[in-house]
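Working through the structure, step by step
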Amino acid sequence: MRDEQFRAIFAEGFFEGEVRFMELMSNHTSLRIGGAAEVFAMPRDLDSLKNIHLNLKKSNIPYIALGSGTNILIRDGGIEGAVVLLRSLKKIEVLREEDQFIFVHADAGALLAKLVRFSQEHGYSGLEGLAGIPGTVGGAICGNSGAFGHEIKDVLVSLEMMDSEGIVSRRRAEDIAFGYRKSGIGPEEFILGTEIRLKKDHAEAVSKRIGEFLRTKRESQPIWEPSAGCVFKNPPGASAGKLLDEAGCKGAKIGEVEVSEVHANFFVNRGNANASDFIKLMELVSLRVEKRFGILLEPEIKILGKEIAD
């Protein structure tokens, strides 16, 4: 019945893009883990995104927006409802100049790495600390991505949003409750794009700073292996990676999921890993940290989807 309902929605002719049914999410996450989504929709433009958004809501079908699938773990039972991929929204352009500042628009589906590279090539400063962070601009904003003392919220001016009724509006970044690796953006809201403010600089100087940050990442993180990035948030005044390391967690393994020997806050997929083992390993290492330091680690990755039914 559910499959017929989906096919009826997409047969109405309002949707331009690609639709797949029972699509394995392991093909769309950096961890290469995840069961199937009932429907996987890739709208071609904003109108199609708005239409699918409204029709799924009208049909009481749950859905999630997905960028490039980083910093998330999708359970082995997959996703009930729809996954809407926003990668078609990927434009980056200069809007205007004001004194020493440059204002840039970036679509939510644009890769954060592409935005950093754009700023590097043009000599715009402000994004250097985000170099090497995977994912899309929209995903980075939702999780307030950051590193080396920099967060994406620091350069945001405004966000173009679509609410649960499909109404598009612009919100000032200062009106959104950003926190450490989180934002006040609701689960039924879509980020469509953002305006950011960067500072004029020289391309050589920006490139040098980016190079230094990337060198540090390559030396300290397993960025060449399938992972979801940092698994746990840093507790106040401490480093989750250091706590995990000192609790003897490096190299701990359940199934095909292993705590990286390079950085203990990264779990890597050693082959055909599953979400159940990933979660078990999270529980194991967090218990070790709690027993040794009395600190309860909070997950940084988002865990989505359902368990496999017994």
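What this report covers is the structure whose coordinates are included nearby. Predicted model, so just to flag it, every value in this text is computed and none were measured.

By secondary structure assignment, the location of glutamine 221 is in the loop between α5 (203-220) and β14 (227-230). Exposure remark for glutamine 221: the relative accessible area of 15% places this residue in the buried category. Setting aside residues up to four positions removed in sequence, glutamine 221 forms contacts with Val262, His263 and Phe266.

Turning our attention to the packing of aromatic side chains. Applying the stated rule across the entire model yields 5 aromatic pairs. Residues phenylalanine 267 and phenylalanine 278 carry aromatic rings whose centres are separated by 5.1 Å and whose planes lie at 50° to one another, so their mutual orientation is tilted. One end of the pair, phenylalanine 267, is in strand β17 (residues 266-269); the other, phenylalanine 278, is in helix α7 (residues 275-293), and 11 residues separate them in sequence. The class for phenylalanine 267 is buried, based on a relative accessible area of 0%.

Here we come to the environment of asparagine 272. Locating asparagine 272 in the fold gives a position in the loop between β17 and α7. Along the primary structure asparagine 272 and isoleucine 141 are separated by 131 residues, whereas in three dimensions their C-alpha atoms are 30 Å apart.

Here α7 contains 19 residues, and its C-alpha end-to-end distance of 27 Å stays within 8% of the 27 Å for a straight helix at 1.5 Å per residue. Among the residues of α7, those classed as buried are Ala275, Asp277, Phe278, Ile279, Leu281, Met282, Val285, Ser286 and Val289. Close packing links the buried residues of α7 with β4 (72-74), α6 (240-246), β15 (253-254), β16 (257-259), β17 and β18 (302-304). Between a side-chain oxygen at the N-terminus of α7 and the backbone nitrogen of serine 276 the separation is 3.2 Å; the capping residue is asparagine 274.

Tallied over the entire structure, the rule returns 22 salt bridges. One salt bridge connects glutamate 151 with lysine 153, and the closest N-O pair in it is separated by 3.6 Å. Close ionic contact of aspartate 154 with lysine 153 constitutes a salt bridge, the shortest N to O distance being 3.2 Å. Of the residues examined, lysine 153 reaches a relative accessible area of 32% and is grouped as partly exposed.

Another aspect to go through is the sheet that holds β14. With antiparallel pairing, 4 strands are arranged side by side in an open sheet as β14-β17-β16-β15. The outermost strands of the open sheet, each flanked by one partner alone, are β14 and β15. When β14 meets β17, the two strands line up antiparallel, connected through 2 bridges. Paired with cysteine 230 across the two strands is phenylalanine 266, which belongs to β17.

With 33 residues, the main nonpolar core has Val104, Leu115, Leu127, Ile141, Ile152, Leu156 and Ile196 as its most contacted residues. Where this core is concerned, the elements lending two or more residues are β7 (101-107), α3 (112-122), α4 (137-142), β11 (156-162), β13 (190-200) and α5. Top contributing element to this core by residue count: α3, with 4 residues. Other than its neighbours up to four places away in sequence, leucine 115 contacts Ile92, Val104, Ala106, Leu127, Val137 and Ile196. Within the second largest apolar cluster, 26 residues are counted, among which are Leu73, Leu243, Phe267 and Phe278.

Positioned with a positive phi, methionine 22 is a non-glycine residue whose angle comes to about 50°. With respect to the helices and strands, the residue methionine 22 is situated in strand β1 (residues 17-24). Look at phenylalanine 148: it is not a glycine, yet its phi comes out positive at around 55°. Within the secondary structure layout, phenylalanine 148 lies in the loop between β9 (146-147) and β10 (150-151).

Axis separation between α3 and α5 bottoms out at 6 Å; the angle between their running directions is 140°. Overall, the two elements α3 and α5 adopt an arrangement that is oblique. Residues Val116, Ser119, Gln120 and Glu121 of α3 form the contact with α5, whose own contacting residues are Ala203, Val206, Ser207 and Ile210.

What counts and how
Within each chain, residues carry numbers counting from 1 in the order of the written sequence. Only residues with pLDDT of 70 or above have their local features reported here, since the model is predicted, and side-chain atom pairs are shown and tallied only from 80 upward, although totals for entire chains, interfaces and linings are computed over all residues. With hydrogens and water stripped out, all remaining heavy atoms of the structure feed into the side-chain values. Helix and strand labels come from DSSP, where a helix needs a run of H or I of at least four residues and a strand needs a run of E of at least two; each type is numbered from the N terminus. Buried residues are those whose accessible area, probed at 1.4 Å on protein chains only, stays under 20% of the maximum for their type, while exposed residues exceed 50% and partly exposed ones sit between those limits. Whether two residues are in contact is decided by their heavy atoms: any pair within 4.5 Å suffices. Stacked, tilted and edge-to-face are the three classes applied to pairs of Phe, Tyr and Trp rings, where Trp contributes its six-membered ring and a pair requires centres within 6.5 Å; stacked means planes under 30 degrees apart, edge-to-face means over 60, and tilted covers the rest. Expected span, for any helix, means 1.5 Å times one less than how many residues it has. Two N or O atoms count as a polar contact when they lie within 3.5 Å, although within protein this holds only if one can serve as hydrogen donor and the other as acceptor, and sequence-adjacent residues are included solely when both atoms are side-chain atoms. Any Lys or Arg side-chain nitrogen located within 4 Å of an Asp or Glu carboxyl oxygen qualifies as a salt bridge. Only strands that DSSP links by at least two bridges are regarded as paired with each other. Buried Ala, Val, Leu, Ile, Met, Phe, Trp, Tyr and Cys residues form a nonpolar core when they are joined through side-chain atoms within 4.5 Å. Axis definition: a line fitted to C-alpha atoms, over the contacting stretch in the case of helices. Angles run 0 to 180 degrees between N-to-C directions. Roughly parallel refers to an angle under 35 degrees, roughly antiparallel to one over 145, roughly perpendicular to one between 65 and 115, and oblique to any angle outside these ranges.

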